[in-house]
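# Descriptive structure summary
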Amino acid sequence: MRPAVLVPALVLVLGATAEYPAPVPQSIEQQKSSILLSLPNVLHAGSDIGCNYLFNLRNFAEPLDKLALNFTTDDNHPLFSVEKDLSQTNGENNIDCLQVPVPLNLTDHKGAKVSLGLTTSQGLFTTETKKIRLNEATPPIKLVVQDKPQYRPGDHAHFQLILLDWRLRPHRGTDQSQTVSEAWVTNSDGLRVAQWRDTPLKYGVASFNLHIAEEFVPPARKLSTTTEDGSVMSNWKIHYKTADFYHTENFHVGDVAPAPIFDIDITSPESVTSRQRTVTITVCASYKFGVPLVGAFVNAENMAPNTINVNGTWKAFEITDSRGCATLDMLISDKNRRGLSFDIPLNVTDPASGVVEQRAVTIRRGSREKVLEQAVTFWTVPANLSRTLVYRVKYADGVPATNELVEICTQAMYYPPTRSAGWTVRVPGNEWPLADFTYLLPRYELNKLSPELREELESLPLLWKVSPDSSKGTARDCTTVKTDSEGIAKLKMTEFAQRVHSVKITAKRQSDWRGQDEYLSVMTSPSSSYLALDIAQMPVKLPCHGDIRLPLLSTLPKESLVVQLQVMSRNRVVASEIAHLATDELVLHMVPEMSPKTRLLVYSQLESGEVMADTVEMDVETCFPNEVTASWTASKAEPNGAAELVVTAEPNSRCTVAVKDAGLGLRKRGRHPYELTREGALDVFRNLDHNLHPPPMDLNDRCKALEQKLFESLLRAGVNSSSLDILIKGFSNLDRYRDRKTSFRAHPHADTAEVFRWAGMVPLATGRLHFSPCVKYDFPPWSGYSRYTRSVGDYPIGYGHSGSHDQDVFLDTRQDVIHHESHTLDERGIGHVTLRLPGRATRWVATATCTHPQKGFGISEKVSIRATRLLFADMSIPHSVKTGEVLTVPVTVFNNYDSHLSVDVTLDDPSHIYHGPGSGNEEVTQHLCIASHDTGVARWKLQFPELVNSRNDSSSYISVTVTEDKTGRCGRPNTVHPSRITIEKPIVIRPDGYLREDARSHLICLDSGKYYLLCFGL
């Protein structure tokens, strides 16, 4: 048996020195033996993990020796080689794998080449040379963490630099000698205010702590950012420098306004319709210690005159009720009826302290914004097989849009039959777009060809564009599909004949006036053999772990197939599987390296050497190699009390735990650019995947080789060289195109080589993978679909680059970080963090980021704990009293514990207790038994003596102390032991006092007409 030696097409092209291609030696007849090896189109310097590059050997009866991969530069200088011993391998029908370690000292080679050679006892079998990209060692992935985006003078700032490899493991593994050679901080003037040298990287993490000086000089305006409340923030930078990179991050330093004393929660619609004339907004306010803010003034500016007019500005006005909430029912003003959205400024005023908190609500006009995208991406449709389209409809915030109607239309695009059979069959005015060489040569030249030679040459995939007519299309077939509970809409397409070269897909929501147009290429095969993943039976988003069954469709009996699966993610092959469908199913074993997005390439080689293939791209759930969890041992705690956080991860992981204010006092909504989240940590891989986008195909090499074979065969058959002129220059009825330079383009049909290309893989094979014809053009390109002329960034539906986020965004966060430290977990992978919460009541949020030398990086979900005073008291007194007046002072005690509570309420100064007629003989200390989540009230009647020889006001204080009753007067002892509470409020004693309004209403309302009441708070 003679080996089938294939001469690379590129060498043949370079040998052409005249107008006609240079003749080549007769190629050796192709035998049934075949080789197929699949490599990624990008290889990275460094050791290869796993044996994921699969190769097939078929029908080699002779003993095998070795398989060799040879890598060269673009100008054929050798770079390196990889060999595998096959002396013990059976070549009859064998599937094996190959590791390809790329030398670490290799530099980037964007135009490198690779070829495969198999040495047997009968000689050397080689494949054609393919282009491949070789990258030097991948730089580390940099995750930068800072505890907050802005700091006050005197704050302690915490920064972390995390260096990881593509698997999210520490960069350079367990090498303990790694350091950040230099790090420094510069202020807005560019002066260094702090620096560190040779900071060690422990498990890939370097930490930096900075104390910002108390002395803060506001910088020049051009070097600063001015906030909405007038604060001036200077722009600072932290710089990181290692042997591999230099990186900077921005942060802000300035005099931030103090945190508000109460929180505000706003409930408003996200959008209103164009015909809607009213809008309802509910505003709830509560003190930081958890008590509702009752009697606060809430107004909304720039609304229609449906309430009151204050200083010429119409405002909607309400007062908060006992829950601390106020509902504003407002007319939408004429000014706000224009534009895509409008803002409603809100002011909440605490009448006791005079503190005003401002918020703004943005409401969109029209329906809530929705996005239509393709949930599973693919680029080809196998002929004679039905493929399923999968779309997702979601709101702008990512929430699935259920019961949404999606209209999906398909239209088959095809060319009329190819023109052939010589000049005489040409019909003027009814040109067909494509023709083979028999249409371009005179009949007397065609008569020189033998029937066998003519049949062989007509089978060559080489056509000429002879008419500017574009593809024909069938009538559009439209179907309306409703989204399910996950916002998914699926449509099973009809089967398409092999004559169809592409399918035009138009998808739009029912409310859209136009849809998205995309094209899918229909596969072509000489034996009409096709294979496809059955998307309809697969999950729309793949899970992080477990085994996923991959159902297949095929035009051949599946029991006769041996299929191979290669999984591409993060620019690498991360997994490979082989399945004999006669006995096994094709199963994908999920690993964290497949997140957040992966491409599946499935293929099978037939006995004839032909290859069937398919590829799809799917989303994967967010997952990390080191799964980290954080949880509070209780859902709520007391201010100034202890709280415990439990962190779990891989044993002996190094974890950084951050606990900060949830930011309920934020003035602005939106993304926090400084925060590292689970989704944000994986965003870097969406940028790394650009190498998966297929590079332009090497069409000229392949197509010129076909042209050479045709010319050589015609010349040997006696065809005059002058008759070949039209084949070389192209054909046109118009003389002005005669000297136009022609070029090759791909036919819109897709073939196996195209599937590998979209999967990001380079197939090396002795058999043919290209079945789609080459087309030679001498007309301007048609305006129809051509995936080879697609501009950069023009990808299928749902496939695009996520928008980059501006890192220099100022946020008036008013956040407080109470814990930001590193901890090492024990041998069980558990860590306990006990901390004392600050004295104010708010919601605290904790996250944990962990690294492990082998398992790598992970980040937990955010978990929160509510700091609420479980025992608190409130005393209600007026601002002033008249001397001698008897005043009833109620003290309300709130028990938010889950058990009953016995307390003593003591009036600290009993000298003012009234003992006159009608007194209740109140004790200085009153005892209360309060049920769980209930209140108790203690009351005293007080009287302040007359002032002697004074006509001026006098000030005094009323002070009350609440303590735990340990005597068990309620019949059972307390199960909780709260701390002492002291309430002290001032009161003004006036000589003549004032007439106290004895009314139950908190408002004085005047009738100002039939449209509204003018109301004022007391």
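Use the structure listed above.
Okay, so let's go over this structure. (Residues numbered from 1 in each chain as written. Predicted model: local features only at pLDDT ≥ 70, side-chain atom pairs only at ≥ 80, totals over all residues. Heavy atoms only, no water.)

### Points about the overall build of the chain
Scanning the chain from terminus to terminus reveals 8 helices and 69 strands. Nonlocal contacts in the chain, meaning residues at least 24 apart in sequence, comprise 71% of its contacts between residues at least 6 apart. On the chain, roughly 47500 Å² of surface is accessible, and the fraction owed to carbon and sulfur atoms is 49%. (Helix = DSSP H or I, 4+ residues; strand = E, 2+ residues; numbered from the N terminus. Contact = heavy atoms within 4.5 Å. Areas by Shrake-Rupley, 256 points an atom, 1.4 Å probe, with all protein chains shown as cover.)

### Description of the state of the cysteines
On inspection of all chains with the given rule, the structure shows 6 disulfides. Shown here is the disulfide that connects Cys 51 with Cys 97, its sulfur atoms set 2.1 Å apart. Because the torsion about its S-S bond is 110 degrees, the bridge between Cys 51 and Cys 97 counts as right-handed. One end of the pair, Cys 51, is in the loop between strand 2 (42-44) and strand 3 (53-58); the other, Cys 97, is in strand 6 (residues 93-98), with 46 residues separating them in the sequence. The class of Cys 51 is partly exposed, set by a relative accessible area of 29%. The disulfide partner of Cys 929 is Cys 970, and the gap between their sulfur atoms is 1.8 Å. As the torsion about the S-S bond is roughly -105 degrees, the Cys 929-Cys 970 disulfide counts as left-handed. Residue Cys 929 is found in strand 64 (residues 925-930), and its partner Cys 970 is found in the loop between strand 66 (954-964) and strand 67 (981-990); the two are separated by 41 residues along the sequence. In the chain, the cysteines engaged in disulfides, taken in order along the sequence, are linked 1-2, 3-4, 5-6, 7-10, 8-9, 11-12. (Disulfide = S-S within 2.5 Å. Buried < 20%, exposed > 50% of the residue type's maximum accessible area, 1.4 Å probe, protein only.)

### Topic: the sheet that holds strand 62 (residues 886-895)
Where strands meet in a sheet, backbone hydrogen bonds hold them as pairs that are either parallel or antiparallel. Across the sheet, which stays open at both edges, the 3 strands sit in the order 60-62-65 with antiparallel pairing between neighbours. The sheet is open, and its two borders are formed by strand 60 (871-875) and strand 65 (934-943), each paired with just one other strand. For this sheet, the mean inter-axis angle between neighbouring strands, taken without regard to orientation, is 20 degrees. Relative to strand 65, strand 62 runs antiparallel, the two being bridged by 10 bridges. Across the sheet, the residue bridging to Val 886 is Gln 943, located in strand 65. (Pairing = 2+ DSSP bridges. Axes fitted to C-alpha atoms, helices over the stretch in contact; angles between N-to-C directions.)

### Structural notes on helix 6 (residues 699-716)
In a regular helix each residue adds 1.5 Å, so 18 residues correspond to 26 Å; helix 6 covers 26 Å between its end C-alpha atoms and thus fits that length. Here helix 6 has its buried residues at Leu 699, Asp 701, Arg 702, Cys 703, Leu 706, Glu 707, Gln 708, Leu 710, Phe 711, Glu 712, Ser 713 and Leu 714. Count one or two residues on from helix 6 and you reach Gly 718, which has phi positive near 100 degrees. (Expected span 1.5 Å × (residues − 1).)

### Considerations on the sheet that holds strand 25 (residues 325-331)
Strand order in this open sheet of 3 strands is 19-21-25, and the pairing throughout is antiparallel. The open sheet has two edge strands with one neighbour each: strand 19 (262-267) and strand 25. On average, each strand axis in the sheet is inclined to that of its neighbour by 20 degrees, with strand direction left out of account. Two elements, strand 19 and strand 21 (residues 278-287), share 6 bridges in a ladder whose sense is antiparallel. Each bridged residue has a counterpart across the sheet, and for Thr 267 the counterpart in strand 21 is Thr 282.

### What about the pattern of salt bridges?
In this structure the tally under the stated criterion is 25 salt bridges. In this structure, Glu 458 engages Arg 454 in a salt bridge whose closest nitrogen and oxygen atoms are separated by 3.0 Å. Of this pair, Glu 458 and Arg 454 both sit in helix 4 (residues 451-458), 4 residues apart, which is roughly one turn of that helix. Lys 776 serves as the salt-bridge partner of Glu 707, at 2.7 Å between the closest nitrogen and oxygen. Of this pair, Glu 707 sits in helix 6 while Lys 776 sits in strand 54 (residues 774-777), placing them 69 residues apart in sequence. Residue Glu 707 shares its accessibility class with Lys 776, and that shared class is buried. Through salt bridges that share partners, Glu 373, Arg 392, Lys 394, Lys 597 and Asp 619 make up one connected network. (Salt bridge = Lys/Arg side-chain N within 4 Å of Asp/Glu carboxyl O.)

### Points about the packing of helix 4 against helix 6
At a closest axis distance of 11 Å, the pairing of helix 4 and helix 6 adopts a crossing angle of 165 degrees. In terms of orientation, helix 4 lies roughly antiparallel with respect to helix 6. Between helix 4 and helix 6 the crossing geometry is left-handed. Residues Leu 453, Glu 456 and Leu 457 of helix 4 lie in contact with helix 6, whose contacting residues are Lys 709, Leu 710, Ser 713 and Leu 714. (Parallel < 35°, antiparallel > 145°, perpendicular 65-115°, else oblique. Left-handed = near helix turned anticlockwise from the far one by under 90°.)

### Structural notes on the pairing of strand 27 (residues 356-365)
The two faces of the sheet receive side chains in turn, since in a regular strand these alternate between them. A one-sided burial pattern is seen for strand 27, the buried positions being Glu 357, Arg 359, Val 361, Ile 363 and Arg 365 and the unburied ones Val 356, Gln 358, Ala 360, Thr 362 and Arg 364. By the bridge criterion, 2 bridges tie strand 20 (residues 271-272) to strand 27 in an arrangement that is parallel. Bridge pairing links Val 272 to Arg 365 in strand 27. By the bridge criterion, 9 bridges tie strand 26 (residues 341-349) to strand 27 in an arrangement that is antiparallel. The residue of strand 27 that forms the bridge with Thr 349 is Val 356.

### Quick notes on the packing of aromatic side chains
Applying the stated rule across the entire model yields 13 aromatic pairs. Taken together, a centroid distance of 4.4 Å and an interplanar angle of 15 degrees make the contact between Phe 71 and Phe 80 stacked. Assigned by exposure class, Phe 71 and Phe 80 land together as buried. An aromatic cluster of three or more residues is present, and its members are Tyr 151, Phe 159, Trp 236 and Phe 251. (Phe/Tyr/Trp six-rings, centres within 6.5 Å; stacked < 30°, edge-to-face > 60°.)

### Topic: the environment of Trp 844
By the element assignment, Trp 844 lies in strand 57 (residues 843-852). In this structure Trp 844 comes out as buried when scored by relative accessible area, which is 0%. Sequence spacing of Trp 844 and Asp 661 is 183 residues, and the spatial spacing of their C-alpha atoms is 4.7 Å.

### Quick notes on the environment of Leu 460
Residue placement: Leu 460 occurs in the loop between helix 4 and strand 33 (462-465). C-alpha separation for the pair Leu 460 and Glu 707, spaced 247 residues apart in sequence, amounts to 9.1 Å. In this structure Leu 460 touches Leu 706, Lys 709 and Leu 710, once residues within four positions along its chain are discounted.

### Quick notes on the side chain of Lys 660
Among the structural elements, Lys 660 can be located in strand 51 (residues 654-661). There is a polar contact of 2.7 Å between the side chain of Lys 660 and the backbone oxygen of Asp 147. (Polar contact = N/O pair within 3.5 Å; in protein donor to acceptor, adjacent residues only side chain to side chain.)

### Brief notes about the side chain of Asp 614
For Asp 614, the location among the structural elements is in strand 47 (residues 611-620). From its side chain, Asp 614 meets the backbone nitrogen of Leu 533 in a polar contact 2.9 Å long. Those residues in contact with Asp 614, other than ones at most four positions away along the chain, are Thr 380, Arg 387, Leu 531, Ala 532, Leu 533, Leu 600, Leu 601, Val 602 and Val 755.

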